[in-house]
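Results of the structural survey
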Amino acid sequence: DYQTEAALASQEGLEIVRLSDNPFDQAIQFRTATHTDRVLECVVANRDGEAIDRFFYGALTPGSHEIKWSPRNLASGVYYLHFRSDSFHRVEVVAVLR
């Protein structure tokens, strides 16, 4: 329910939880929870810090949402997923295995 989802939100007002195994080969999934309206951007960077993909950009309403990244045409390796919203910035390190 909404109260449970809102309770997951961190002090920054946004919580991000990885739902999939890491490393992965096909896709990786995350759940977000927020108690306020906000815009979220999710960007993939390579080990040099170069942005190579944006897999989500949009408005989130209060509650829980699922976001999935499917790396297309990328080699095996380590990638950095940046989740940004207002003053919130979190980086998840993931490994793609082909």
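You'll find the structure just up there.
Residues numbered from 1 in each chain as written. Predicted model: local features only at pLDDT ≥ 70, side-chain atom pairs only at ≥ 80, totals over all residues. Heavy atoms only, no water.

1. Brief notes about the pattern of salt bridges
A complete count under the given rule lists four salt bridges for this structure. Of the charged contacts, one joins Arg18 and Glu92 as a salt bridge, the two residues approaching to 3.8 Å between their closest N and O atoms. Pair noted here: Arg18 is in strand E1 (residues 14-18) and Glu92 is in strand E7 (residues 88-96), with a separation of 74 residues, a long-range link. Taking the shortest distance from any N to any O, the salt bridge between Arg54 and Glu41 comes out at 3.3 Å. Remark: Glu41 occurs in strand E3 (residues 38-45) and Arg54 occurs in strand E4 (residues 51-60); sequence separation between them is 13 residues. (Salt bridge = Lys/Arg side-chain N within 4 Å of Asp/Glu carboxyl O. Helix = DSSP H or I, 4+ residues; strand = E, 2+ residues; numbered from the N terminus.)

2. Considerations on the sheet that holds E7
Across the sheet, which stays open at both edges, the four strands sit in the order E4-E3-E6-E7 with antiparallel pairing between neighbours. Two strands in the sheet have a free side with no partner beyond their single neighbour: E4 and E7. Neighbouring strand axes in the sheet, compared pairwise and without regard to direction, differ in orientation by 15° on average. (Pairing = 2+ DSSP bridges. Axes fitted to C-alpha atoms, helices over the stretch in contact; angles between N-to-C directions.)

3. Observations concerning the sheet that holds strand E2 (residues 28-34)
Here we have three strands laid out as an open sheet, ordered E1-E2-E5, and antiparallel in their pairing. Each end of this open sheet is capped by a strand with a single partner; those strands are E1 and strand E5 (63-69). With direction set aside, neighbouring strand axes in the sheet form an average angle of 25°. Pairing geometry for E1 and E2, over five bridges, is antiparallel. Across the sheet, Val17 pairs through a bridge with Arg31, a residue of E2.

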